[in-house]
Amino acid sequence: MEIFDQNSSERVLSDRVLMGPGPSNPYPEVAQAFTRPLLGHLDSDFIALLDETCDRLRTVFCTDNPLTFPVSGTGSAGMEAAFVNTIGEGDAVVVGVNGVFGQRMCDVAARCGATVVAVEAEWGTPIDPQRLLDAHPDPTLIAVVHAETSTGVRNDLAELGAGKGDALLLADCVTSLAGIDVRLDDWGVDIAYSGTQKCLGVPPGLSPLSVSPRAVDRLLERPRSWYFDLQMIADYVTGSGARAYHHTAPISMIYALHAGLGAVLDEGLDAVHARHQQCGDLLQAGLEARGFELVAPATHRLPQLTSVRVPESRLPDSATEADIREELLSRCGIEIGGGLGAFAGNCWRIGCMGHTARPRNVTLLLAALDELLV
């Protein structure tokens, strides 16, 4: 897949194969959605499309939660909306931390005035659900990252939902939604948020959010954020008839999300999960055969986000892992992600998500590594 025009050195960005933890190449339907004429955010035709988008989100989240909609902002906006609406001064919040985004949850909860109880596990390993349940006798909320993007590890939710007691259960599903099984109602998850740019195959800019009726009953009357006040937003996204104005919705991004969800549901959730699993299995077997050490244990390894330690023995003389990533991009048009936090400089994070999750892209990457590594 050439990224340079034969007659110039100008980079053709649309030909990149994005295999990092960031935005996945959009489905063709999504690209077409951006060409639709704009409507007003209170236009009845747009409201109908928004309602259908929310219905599609419920299907993908496997929930009946009426308050399910796309937050205007990326995944971190969904995280903040979830915390500021449910956590007040002095509330006890138990947070599972085995990577960057568990740490971010702790930061956001602390800024809401919470007493944060961090339950830590070694990066690259899952968190024992029982440790989270035992961490505090009466927490307001238990929070965990379902698919930790910084390590490629899946944390289990069902046991937490079964044992949470009076606490609310909050799940970060940014990298899991439409990549692996996500079942909010079956697992007892009260609040979940995601991001459009991962397995949904939509550009970044929205954060799908779902809030159970149980959690709605506990929303703060006056959260610390006006923009993310869910009770005000609910009057716009779930009202009947005339909708109360809250903020100007990002029309084109919601067009794109509507199209991306349509592509996922047309293929079928089970088929989409199977495609991500197939690509993950192919990639991970290929990397191990080339001397790479996979970070996550097999029992909790994500298929859509593979974190690997880069063997120094495979690097050419004086080259670093960052040099190889740059070479992959400049010579082969393949973009993969570097490590975050404790894994910076010695790990890669390779994404097979959304439209990018195709066996041909895995084959291309492995062949390029064979060419660049010793």
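Refer to the preceding data block for the structure.
Reference entry: report on the structure contained in this document.

The rules behind these values
Residues numbered from 1 in each chain as written. Predicted model: local features only at pLDDT ≥ 70, side-chain atom pairs only at ≥ 80, totals over all residues. Heavy atoms only, no water. Phe/Tyr/Trp six-rings, centres within 6.5 Å; stacked < 30°, edge-to-face > 60°. Helix = DSSP H or I, 4+ residues; strand = E, 2+ residues; numbered from the N terminus. Buried < 20%, exposed > 50% of the residue type's maximum accessible area, 1.4 Å probe, protein only. Pairing = 2+ DSSP bridges. Contact = heavy atoms within 4.5 Å. Axes fitted to C-alpha atoms, helices over the stretch in contact; angles between N-to-C directions. Expected span 1.5 Å × (residues − 1).

## Remarks on the packing of aromatic side chains
For any two aromatic rings, the description comes down to two numbers: the centre-to-centre distance and the angle of the planes.
Next, step 1: One pass over the structure, following the stated rule, counts three aromatic pairs.
Next, step 2: The interplanar angle of 85° and the centroid separation of 5.6 Å between the aromatic rings of Trp123 and Phe343 together place this pair among those described as edge-to-face. With Trp123 in the loop between β4 (115-120) and α5 (129-134) and Phe343 in the loop between β14 (337-338) and β15 (347-351), this pair connects stretches of sequence that are 220 residues apart.
Next, step 3: According to the relative accessible area criterion, Trp123 is buried, its value standing at 17%.
Next, step 4: For Phe343, a relative accessible area of 7% translates into the label buried.
Next, step 5: With a centroid separation of 5.2 Å and 70° between ring planes, the pair formed by Tyr227 and Phe228 is classed as edge-to-face.
Next, step 6: Overall, the relative accessible area of 11% leaves Phe228 in the buried class.

## Side note on the sheet that holds β15
Next, step 1: The antiparallel open sheet is built from four strands, whose spatial order is β11-β12-β15-β14. Strands with a single pairing partner mark the edges of an open sheet, and in this sheet they are β11 (293-294) and β14.
Next, step 2: Note that strand β12 (residues 305-309) and β15 share five bridges and pair antiparallel. Its bridge partner lying in β15, Leu305 is registered against Gly351.
Next, step 3: Across the sheet, helix α12 (residues 321-332) lies against β14 and β15, angled at about 30° from β15, the strand it touches most.

## Some details on α12
Next, step 1: The end-to-end C-alpha distance of α12 is 16 Å, a good match for the 16 Å that 12 residues give at a rise of 1.5 Å each.
Next, step 2: Turning to α12, the residues buried within the fold contact β13 (334-335), β15 and α13 (359-372).

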